[in-house]
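Below, each chain spelled out in residue letters.
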Amino acid sequence: MNIAINACSPDSRQYLGQNVVLSGIHKAYGPTVALPNVSLNVERGQFCTLLGASGSGKTTLLKIIAGFEKPDAGTVKIAGRDVTHTPIADRNIGMVFQNYALFPHMSVFDNVSFPLRMRKVGSDEIKKRVNETLDLVSMTKLATRLPRELSGGQQQRAALARALVFTPDILLMDEPLGALDKNLRQTIQLQLKKLHHDLGLTIVFVTHDQEEAMHLSDHIVILDRGTIIQQGLPEDLYRKPSSEFVAGFLGECNFVSGGDRKTLGVRPDKVRLATHLAESDIRYEGRILMSTFSGLHWKVFIEYQDKTIVAYAPGDLSEAARTPGAALSWGFRRQDAMEFAAA
Amino acid sequence: MSTAVPLMPAPTAVMRARRHSRNKMAVLAALPLIVFLLLFFIGPIASFLREAFYADDQLSLANFQHLVNTPIYRIVLVNTLTIAAAVTVACVVISYPLAYLMATVGPRVAQILFFAVLLPFWSSALVRTTAWIALLGKNGPLNALLTTVGVVDEPIAFLYNFTGVMIGMTHVLMPFVVLPLYAAFRGMDGALTQAAQSLGARSLSIFRHVVLPLTSPGVVAGAIIVFMNAVGYYITPSLMGGPAQRMVAELISDNITKELNWGLAAALASVLLLAVILSLWLFNRLFGLDKLISGTSDKGSTAVSAQRTPGGRLSVVAGICAAVFLILPIIVVVPMSFGTSEFPIFPPPEYGLRWYTNFLEDSKWVNALWSSLKVGLIVTVFATVLGTTAALGVEKMSSRRKTWLDAFFIVPMSVPAILTGVALFYLTAPWGAVSNSVAVVIGHTVLAAPYVYITIRAALRSLDTNLELAALGLGASWPTMFRLVMLPALLPSLIGGAVFAFVTSFDDVVMALFLTTVRNRTLPKLMYEGIAHDFDPTVISASCILIAATALILLGRLAFGNKKVSTK
């Protein structure tokens, strides 16, 4: 399935989406503080992902933007307008729910036309806009189907169409790909990315899947216990994580003591084994636990002290360096190590 | 399995033989209840209704002509349908906010609300009617409040008119809508209303476009049950209505006890039965009778902690009012029972145990209580045995037979008690079975066995048949398997069914009116006489004793149910 829309060149991009500014958001449920004090800017046309484990506050934050929850303190501004106390129906926000929340008794067409009917749009205009939007997600042929007659991927696209048809200022997505299998997920990720780029949408996306976050986002916000730990471009977060937590959360990372209350982190692809080690490298002695071949590289699991070190070694790795039980030297270049203050 | 290519003929033959013997066992297990219902339900009703088609020992339609030609009968028939329809509408309207409230509050508050719905539901219609009469009377607490506050100058006549019948019957029948509606609300994905809000819908639109279409099956199901019950109602309209609100059940009773006109009574009964059968047919067409068996399916939607819309907040207020409406008479009647005056007054000027003492010292009350307990326990045993064996048998049958037998076993609880009661009276009175309580035991078993059947059937449905096969495959014999695997799994439902059977018997008035005498009357019958003739305040203390018993049973069940959940 291809999405055919007029692709705009980067300089002439028209942004459909607006910006979102959260400042000083505080939210507590009884004695439990979900969000102590969160401030966040989402630029126009940005694909911003809130990434965190369950209970990190990412969904609460999304609900506050949508208006399903009221913050105890702080303000929400969309396109410069303070909407903190605006009812949900007046916020002009598109939302795609975790299980899509399609109305089960309405056809795809009726689901997608619902927001337009609520806005009292004329019936000719409704027909035109619904068909355009269904075309955008390649669902035109399924317009008369009921949600239960659709596959998971089709439901996902119908939900997306329904959230886009009224040109919302921002699009909120709450783990929308969680229910799909891996292949379909990747296809939809691509479509979503393209749609985002072509329409200039502002998207706030919630997920606990770091890989998905890396694939999709311009901007990742890592949350832990209601606090933003770090935010920025995906590659910046990956290469220059500010803490051991971020390094471990975003991609795989091995940690060893660096002495002097410091911890060194190194990505598996930066780990060098046996003969690949250079004179100047930091070296350790370990024992091979297991090794698996993934096509691109060997994945070698090394027992070192009480830890399991993971290394991606080139495909031509010698057999001696991947036989379980054998002793193995491993290490890394000093400049490849990330240094953190020990927790 | 039968379409598989018979590569190995021997096992297939064995299997077929085994299935054959299994079917035989199944039929044998279901037979007792079938025979019982044929003898004491279908048979009596058929022979009673035959009277409708005879006049002066000749086959004729004279009785029906009489019904059509006499204005009073026409009026009563129209009245019956009007009242039943009005009550149905009232039940639906009041149930909506309450069900919404129950489905959207936290588990603790929901439990309190459940209690408020179930306590009146489980206490007898008579107790509730007593409470309303005490509450709404000319000198009752509500009128006292209204006149003191100065809302009205003269006490309002709530009782013995249309208002009285509406209040009483809506109160009695509302739970039949609230419970399926609650299930419908719970089954609805909470994100749907959020989605509608985010798409720009306001309270009214959300209700019209999302809530109403998605809950309407539950509501229609409940409404049909209410209508079916309401057309055959006897106690509440006869006690709370006036002459203008006479309904067909009361007329049937009058024709038998006062006019001694069996032909006309049977003709009226035929009309009533027709209305009930039409409702059942409609229910079956729309939902299938098995929906009555599956009961409330609680999918347990994600509890959505979202801001309520303005309409949602309004519904909460209305829902609280509905809950108060349900529980209020029961709450008010308790302090009234501790009054000492000749008339029920709220709040009582003086507290004492006068009417409780009266209850315990007057032999007629104690005898009636004793008689009720005795009948209730015997009925519980009979109904539980008949209902359980039938459910076990039907579970093993082909689905075609299942459908038919399910329908057959459900009908006795849908047919108005007055019909079954009168028909059994017609059959058993000549044997002298009325004066020795055999008749009332039979009648209550007809009413109660279907409840046990339904409870056990529902439990068997949810029981994993693989458990049974696994146990048999591991070498257990069928009786051992039943004892070690099925019985423990069925026990909660078995207890539930038995309690239901007991309560059904213990609460019944209508059958007792016809099937007992002054000597062996049950407590509800004595209470009915206590209200219908001249108001004896002992009735209120008797009601409170019944309420306390019901509340205990209910709390026990709630606690038991919780334990079940927590061990899961």
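How each quantity is defined
Residues numbered from 1 in each chain as written. Chains lettered and ligands numbered in written order. Predicted model: local features only at pLDDT ≥ 70, side-chain atom pairs only at ≥ 80, totals over all residues. Heavy atoms only, no water. Phe/Tyr/Trp six-rings, centres within 6.5 Å; stacked < 30°, edge-to-face > 60°. Helix = DSSP H or I, 4+ residues; strand = E, 2+ residues; numbered from the N terminus. Buried < 20%, exposed > 50% of the residue type's maximum accessible area, 1.4 Å probe, protein only. Contact = heavy atoms within 4.5 Å. Buried area = accessible area lost by both parts, 1.4 Å probe. Salt bridge = Lys/Arg side-chain N within 4 Å of Asp/Glu carboxyl O. Polar contact = N/O pair within 3.5 Å; in protein donor to acceptor, adjacent residues only side chain to side chain. Domains from an automatic or database assignment.

Examining the packing of aromatic side chains
Residues and elements named next belong to chain B.
Okay, step 1: What the rule picks out here adds up to 30 aromatic pairs over all chains.
Okay, step 2: Arranged with centres 5.3 Å apart and planes meeting at 80°, the rings of Phe121 and Phe176 form a pair that is edge-to-face. Of this pair, Phe121 sits in helix H4 (residues 107-122) while Phe176 sits in helix H8 (residues 175-187), placing them 55 residues apart in sequence.
Okay, step 3: A relative accessible area of 22% places Phe121 in the partly exposed class.
Okay, step 4: Three or more aromatic residues joined by ring pairs make a cluster, and in this case those are Phe48, Trp262, Phe425, Tyr426 and Phe514.

Quick notes on the interface of chain A and chain B
Okay, step 1: Taken together, the 25 residues of chain A in the interface contact 20 residues of chain B.
Okay, step 2: Both faces considered, chain A and chain B share a buried interface measuring about 2,000 Å² in area, 62% of it formed by carbon and sulfur atoms.
Okay, step 3: In this structure, the salt-bridge partner of Asp90(A) is Arg202(B), at a minimum N-O distance of 2.4 Å.
Okay, step 4: One can count four residue pairs in polar contact (both at pLDDT 80 or more) joining chain A with chain B.
Okay, step 5: For the side of chain A that touches chain B, the secondary-structure elements that each account for two or more residues are strand S6 (93-96) and helix H2 (108-118) of chain A.
Okay, step 6: Element by element, the count of residues in the side of chain A that touches chain B is highest for H2(A), at four residues.

Digging into the environment of Gly52(A)
Residue and element names in this part refer to chain A.
Okay, step 1: Inspection of the secondary structure assignment puts Gly52 in the loop between strand S3 (47-51) and helix H1 (58-66).
Okay, step 2: Accessibility expressed as a relative area gives 0% for Gly52, which makes it buried.
Okay, step 3: It is 33 Å that separates the C-alpha atoms of Gly52 and Ile282, two residues lying 230 residues apart in sequence.
Okay, step 4: Setting aside anything within four residues of it in sequence, one finds Gly52 in contact with Lys58, Thr207, His208, Leu223 and Phe249.

Side note on the domain arrangement of chain A
Residue and element names in this part refer to chain A.
Okay, step 1: Parsing chain A into structural domains produces domain 1 (10-92 + 168-244) and domain 2 (252-341).
Okay, step 2: A C-alpha centroid distance of 35 Å is found between domain 1 and domain 2.
Okay, step 3: Contacts between the two partners involve seven residues from domain 1, matched on the other side by six residues from domain 2.
Okay, step 4: Carbon and sulfur atoms supply 56% of the area buried between domain 1 and domain 2, which totals about 540 Å² over both sides.
Okay, step 5: A per-residue breakdown of the area domain 1 buries against domain 2 is headed by Tyr238, Pro241 and Glu244, which together make up 86% of the total.
Okay, step 6: Between the two partners, domain 1 and domain 2, sit zero salt bridges.

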